[in-house]
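Residues per chain are reported as follows:
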Amino acid sequence: MTNHWIDLRNSDCILMMGANPAENHPVSMRWVLAARDDRGATLISVDPRYTRTSAVADVYAPLRSGTDLAFLGGLIRHILDGDLIHRDYVIRHTNASLLIDERFRFDEAAGLFSGYDEATRSYDKSTWQYQYEQPTVGTPPEPKTDPTLEHPQCVYQILRRHYARYTIERVSQVTGTPSADLQRVYRAFAATGAADKAGTIMFAMGWTQHTTGTQTIRAMAIAQSLLGNIGRPGGGMNALRGESNVQGSTDHGLLFNILPGYLKTPTASQQTLAKHHAACTPAPTGRLDANGWADYPKYSVSLLKSMFGRSATAENDFGYVWLPKRDDGVDHSWLSIFDAMHRGSVHGLFAWGQNPACSGANAAKVRRALARLDWLVCVNLFPNETGWFWQDEKLLAELGGKPEDVPTEVFVLPAAAFVEKEGSVTNSGRWMQWRHRAADSPGDARADSQWMDLIYRELRDLYRADAEQAVCPEPILNLVWDEYFPDGQFDPHAVARQLNGRFLRDVEFPAEGKRFKQGEQVPDPAYLRSDGSTSSGNWLYCGSYIAPTPQHGNLAARRRAEPDDGPGANPDWAWCWPMNRRIIYNRKTFRMLPDGRARLFAPTLADGPLPEHYEPLESPLTHNPFCGQMFNPAAKPWDFRGVDVCSPCGSREFPYVCTTYRVTEHWQTGVITRHCPWLLELQPQLFVELSRELATEKGIRPGDRVRVRSARGSVAAIALPTARLKPFRIVVDGRSRTIHQVGLPWCFGWLTPEGGGDSANLLTPNVGDANTLIPETKAFLVDLEKVSVGGE
C-alpha cells in the first residue's frame, strides 16, 4: 500500500494501535523506522498480541480486544489532568469553548446520554446542541463561548467531567494493560502537545471493526485535537487501509448512503431537487463558519450534468428524478443486505471483486443467503468460495441436497488483475495516483469497465427495443456513456477528465477576473455552478486533470519526488484532493463542518456526542465497570436467535476472547494469494494463536489440531501456542480474574488446497457499529478443544 507515510519523518512519536504495519503494511513501516532512526521518534505499539511491529517499538502495551476506547479515555484524562493541551489550538480551532445546552446530561448509572429512546434504540439529539446568542437581523446565529474554558457547560469542562472516571487504575483493570505500561504510553504521546513536537496515530481494522469503532477513532481525534496534532507535518490520524483504493472507492460513492464527493443519496422524502438541496445544505453557524457545504447545489447539479449530459435540464431538475431514492431511515449496509438476502427479499447479487462467503461476518449465514438468490454474478480473477458456494459440503449437508438442487443460477465473469488495466487509485493520504497497464489479460478475462460496458449496452438495447413498455427507461437511455468507450475500448482518461469536470458553455466570473470557454476543464471546485453550465463527476477531483491531453493534463501521473531533506509533502508526486493540498486543517477553519471548528463534542453521531466505553456484544464480563450500560445502546442489533445467535456476556460455554487479523503472506480472503504456490507454502492453513498458559491448561501442544467454536459455528485449525499472547488480569468488583485471548487469520476458505481450513468469519457475530454498521469481528467469544495430536 502506497501512502503519504514519508510525512512520518516529521513525527516525534508514532502510536500504532489497532494496526500492525510491520506485518500488514511493510512499505509504510519503512517510514516509521526512518522517523525513529533519523529523528529519534518514539514508537509505541498497543496490541493484544506482541507483533513484529511490537518487536521494533520502544514501548509495547498489551490490551484486551474491545477495550481500545477505555485505553484512549485514560489518555484523554491524562492530557486534561496534566493541563498538557495545546491551549492556543484548543481555544481557536476546536469547539472546547462553546457552551452546550443546559439540559445535556450523561447518566453514569444508566450509561446513557440525554435523549435516549429505548424502544427505537436511538437518541433525540436536541439536548446535545450549542447555546446561541440572540441573533441580529441578517447574521447567522452565534454560539455562546467561554474562551477561559471555565464555564461548567462549555465543551472543555464537560469533557473533563466525562473522563474523570477513566483513571489509570480503572483503565488497567478493564483493559488488562499494566498500569506502568499505560503511564509510559500516556506520557510519551502527551509530550507531543508541545509547540515544537508532533505525534501521529496509525490505526486500522483493529479499531474500526467494533460496535464502538467510530467512537474509538473519535476518541483519538479528541486526543490529537487537544494536543494540537491536527494539520501539522508528522501529525494527524493515519488510517492503514486494507487495499490501495479504499479511499478512492469511498470518494466515488461506493457506500449506499453517499454519491461521489460525499454527496448524500436521495431519500424517498426528497422527491425534488430543491427538497434534496434543502435537506443537505447546512445553514451557517456563527462567524467562524466556513460552511463548505453551502456549495452543495453546485456540486450536485454538476454531478447530474456529468451523468445525463444534455438530457439534464433545469426543467427536469437536471435529471434528479431519475436517481433512485432510498427509503428514509433504512440502511443498505453490508450486514443489512445479507440479512435481507437471507430473508428472501433480495433476489440477485453482483459480487464484484469480493468474496463475501469468507469475508462476511457470520459467514455461514452469508452462504445460506447466497443459496436463496435467484441469480448471482461473480466477477473475480480466480475460483472462490462465493462463486462456487454451491459446492460447499457443509452448506449442502445443511440444505440436505446436491449442488444441482441449489436454486441460485451463478454466472462467472473472469476479471483482469490490477496490472492488466489502466486507471487511478486514491490512497488514504488522498493521493490520486495513476497506474499504467503492464500486461495483457489472459484468455477471456476483461477489465471491470469492459464487463460493465457489455452489461450496460445490452440493457440499453433492451430498453430501446421496448421503450414504451419499459419502466423508468430514462436513467438508462439518457446516461452519458459512449464518450468513455471510443471504438468500443474503455478510455480511463475520458473518465478522469469527466471526474474533473468541464465548462458546458462560456462562463465568466467578473469578481475573479476569470473567463472560461466551453469545453475547458474546470480548474477548481470554486468555479462549479448550479445552473447547469458545468459538469463534474466528483467535485473533490476538480483540478486533477487540467488539460485535455494526458501528457499535460493528468496530474495524477506526475512522479517527481522532492529531495530527501524536504518536508515530505511531495507536491509534484501524483495529485491530492482538494486542490493538491497535502495537509489540511492546518490552523484554519474546518471548512466542511458547519461551525468551522474541530469537534471535541460531536452532536451528530448516533451513539453519543462523546466516546464512552461499552463492552463488545460478546464480552467475558457480566457488567461494564465504567457505567451501567453493558453494550452500545445505539448499535445495530439483529434478532439474536437462530442464524444470528450470540453468546451471553460472561459465558461459561464460550469463555475465551477471540479476534481476527491478517498475515503478510495473504491478502484479504486469499482469493489471489491462495493461488500463488509460494505464498501458500509460507502460510498453508488456518491456525489459532493462544498463550502458552492456556495451551498448558487445555493440554494443547504446537501442531495439534483443535476446533475453535463460537455460538454461530466452528472451524478446525492448527494450534500455535506462543509467547506473543499473554493472559490478561482483569479486576471486576474488586476481584481479579484471568481472561485468555486467542486469534485467527481470516484469509482462508474451504477451497484452500489440501485441507487448509475454512474462514475464521464462520465464528464472528453479525452486529454493527452504531454509525457505520461495520461488523464487530475483532472481539467475540469462543471455546476451543483439541481434536487430534499434531501429525495425526
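The sections below set out a description of the structure shown in this document. Everything quoted here is computed from the prediction, not taken from an experiment. (Residues numbered from 1 in each chain as written. Predicted model: local features only at pLDDT ≥ 70, side-chain atom pairs only at ≥ 80, totals over all residues. Heavy atoms only, no water.)

### Side note on helix α16 (residues 363–370)
- Burial within α16 is extensive, with eight of its eight residues counted as buried.
- Of all the positions in α16, only Ala363, Ala364, Lys365, Val366, Arg367, Arg368, Ala369 and Leu370 are classed as buried.
- The secondary structure elements touched by the buried residues of α16 are α14 (334–342), β12 (348–352), α15 (356–359) and α17 (393–399). (Buried < 20%, exposed > 50% of the residue type's maximum accessible area, 1.4 Å probe, protein only. Helix = DSSP H or I, 4+ residues; strand = E, 2+ residues; numbered from the N terminus. Contact = heavy atoms within 4.5 Å.)

### Brief notes about the sheet that holds strand β16 (residues 431–435)
- Taken in spatial order, the three strands of this open sheet run β15-β16-β21, and their pairing is antiparallel. Two strands in the sheet have a free side with no partner beyond their single neighbour: β15 (423–426) and β21 (575–576).
- Relative to β21, β16 runs antiparallel, the two being bridged by two bridges. By the bridge assignment, Trp431 is partnered in β21 with Cys576. (Pairing = 2+ DSSP bridges.)

### Here's the deal with empty space enclosed by the protein
- Inspection of the entire model under this criterion finds four cavities of 30 Å³ or more.
- Its volume calculated, the largest cavity comes out at about 360 Å³.
- Along its surface, the largest cavity is lined by 24 residues, and Gly18, Asp47, Gly206, Thr660 and Tyr661 are the ones closest to its centre.
- The set of elements that each furnish at least two residues to the lining of the largest cavity consists of α9 (205–208) and β22 (656–661).
- Looking at which element gives the most residues to the lining of the largest cavity, the answer is β22, with three residues.
- A breakdown of the residues in the lining of the largest cavity according to their chemical character gives eight nonpolar, 10 polar and six charged.
- Its boundaries defined by the atoms lining it, the second largest cavity holds a volume of some 60 Å³.
- Residue lining of the second largest cavity: Leu259, Leu263, Pro266, His276, Tyr296, Ser300, Leu303, Leu304, Tyr320 and Leu323, and that is the complete set.
- For the lining of the second largest cavity, the leading source of residues is helix α13 (residues 296–308), giving four residues.
- Here the lining of the second largest cavity is built from residues that sort into eight nonpolar, two polar and no charged. (1 Å grid on protein atoms, 1.4 Å probe; cavity = no way out; pocket = protein on both sides within 12 Å on 5 of 7 lines; lining within 4 Å. Points joined across faces, edges and corners; volume = space filled by probe spheres on them. Nonpolar A, V, L, I, M, F, W, Y, C, P; charged D, E, K, R; others polar.)

### Here's the deal with the sheet that holds β12
- One open sheet accounts for three strands, arranged β12-β13-β14; its pairing is parallel. On the outer flanks of this sheet lie β12 and β14 (409–414), each paired with one strand and no other. Going across the sheet, the axis of each strand differs from the next one's by a mean of 10°, ignoring polarity.
- When β12 meets strand β13 (residues 375–380), the two strands line up parallel, connected through five bridges. Bridging across to β13, Leu349 finds its partner in Leu376.
- Against the sheet, helix α18 (residues 448–465) touches β12, β13 and β14, its axis set at about 155° to β12. (Axes fitted to C-alpha atoms, helices over the stretch in contact; angles between N-to-C directions.)

### A few points about the environment of Met16
- Among the structural elements, Met16 can be located in strand β1 (residues 13–17).
- Look at Met16 and you get buried, because its relative accessible area is 0%.
- In sequence terms Met16 and Asp117 are 101 residues apart; their C-alpha atoms lie 37 Å from each other.

### A look at the packing of helix α4 (residues 68–81) against helix α8 (residues 179–190)
- Contact pair α4 / α8: the axes reach a minimum separation of 10 Å and the direction vectors enclose 55°. Between α4 and α8, the angle falls in the class oblique. α4 and α8 meet at a crossing whose hand is right-handed. Only Leu182, Val185, Tyr186, Arg187, Phe189 and Ala190 of α8 make contact with α4, whose side of the interface consists of Phe71, Gly74, Leu75, His78 and Ile79.
- Split into classes, the residues belonging to the contact of α4 with α8 amount to eight nonpolar, two polar and one charged. (Parallel < 35°, antiparallel > 145°, perpendicular 65-115°, else oblique. Left-handed = near helix turned anticlockwise from the far one by under 90°.)

### Topic: the packing of helix α7 (residues 168–175) against α8
- Contact geometry of α7 with α8 gives a least axis separation of 9 Å together with a crossing angle of 115°. Regarding α7 and α8, the two cross each other, and that crossing is right-handed. Taken together, the residues of α8 that come into contact with α7 (itself represented by Ile168, Val171 and Ser172) are Ser179, Leu182, Gln183 and Tyr186.
- Counted by class, the contact of α7 with α8 contains four nonpolar, three polar and no charged residues.

### Here we look at α4
- A rise of 1.5 Å per residue sets the reference length of α4, with its 14 residues, at 20 Å; its end C-alpha atoms lie 20 Å apart and thus fit the reference within 8%.
- Across the 14 residues of α4, 11 count as buried, placing the element largely inside the fold.
- Two residues or fewer past α4, Asp83 is found with a positive phi of approximately 50°. (Expected span 1.5 Å × (residues − 1).)

### Considerations on the packing of aromatic side chains
- With the rule as written, the count across this model stands at 30 aromatic pairs.
- A centroid spacing of 5.2 Å and a plane angle of 80° characterise the contact between Phe104 and Phe601, whose relative ring orientation is edge-to-face. Taken as a pair, Phe104 in the loop between α5 (87–93) and β4 (106–107) and Phe601 in the loop between β21 and β22 lie far apart in primary sequence, 497 residues in all. Note on accessibility: Phe104 and Phe601 belong to one class, buried.
- Aromatic pair Tyr130 and Tyr132: ring centres 6.5 Å apart, planes at 70°, arrangement edge-to-face.
- Tyr130 gets classed as buried once you look at its relative accessible area, which sits at 9%.
- A residue is classified by how much of its surface remains accessible, and Tyr132, at 34% relative accessible area, is partly exposed.
- Here the aromatic residues Phe104, Phe106, Phe113, Tyr116, Tyr123, Trp128 and Phe601 are joined through ring pairs into a cluster of three or more.
- Against the face of Tyr320 rests Lys325, its NZ or CZ located 4.6 Å from the ring centre.
- Residue placement shows Arg529 over the ring face of Phe509; its charged tip is 5.5 Å from the ring centre. (Phe/Tyr/Trp six-rings, centres within 6.5 Å; stacked < 30°, edge-to-face > 60°. Lys NZ or Arg CZ within 6 Å of the ring centre and 35° of its normal.)

### Structural notes on the nonpolar core
- Judged by nonpolar contacts, the single largest core of 59 residues is most densely connected at Leu15, Met17, Phe71, Met220 and Leu226.
- Top element by residues in this core is α4. It accounts for seven residues.
- If near-sequence neighbours (up to four positions away) are discounted, Leu15 is found in contact with Ile44, Val46, Val185, Phe189, Thr200, Ile201, Met202 and Met220. (Core = buried A, V, L, I, M, F, W, Y, C linked by side-chain atoms within 4.5 Å.)

### Examining unusual backbone geometry
- Between Trp577 and Pro578 the backbone carries a cis peptide bond, its omega angle lying at -5°.
- On the secondary structure map, Pro578 appears in the loop between β21 and β22.
- Backbone geometry places Asp83, a non-glycine residue, at a positive phi of 50°.
- Tracing the backbone shows Asp83 in the loop between α4 and α5.
- On the basis of relative accessible area, Asp83 is assigned to the partly exposed category, the value being 46%.
- Non-glycine residue Arg121 carries a positive phi angle of around 50°.
- Judged by relative accessible area, which is 27%, Arg121 ranks as partly exposed.

### Observations regarding the pattern of salt bridges
- Summed over the entire model, instances satisfying the criterion amount to 36 salt bridges.
- Here Arg77 and Asp81 are joined by a salt bridge, their closest N and O atoms 2.8 Å apart. Residue Arg77 and its partner Asp81 are both found in helix α4; the two are separated by four residues, about one turn of the helix.
- Given a relative accessible area of 46%, Asp81 falls into the partly exposed group.
- When the shortest N-O distance is used, the salt bridge between Asp88 and Arg92 registers 2.7 Å. Pair noted here: Asp88 and Arg92 are both in helix α5, with a separation of four residues, about one helical turn.
- You can call Asp88 partly exposed: its relative accessible area is 43%.
- One salt-bridge network, in which partners are shared between bridges, spans Glu23, Arg49, Glu689 and Arg724. (Salt bridge = Lys/Arg side-chain N within 4 Å of Asp/Glu carboxyl O.)

### Some remarks on the state of the cysteines
- The tally for this structure, following the rule as stated, stands at zero disulfides.
- The cysteine Cys646 is free of any disulfide, with Cys649 supplying the nearest cysteine sulfur at 7.7 Å.
- The thiol of Cys676 is not disulfide-bonded; the next cysteine sulfur, from Cys747, is found 13 Å away. (Disulfide = S-S within 2.5 Å.)

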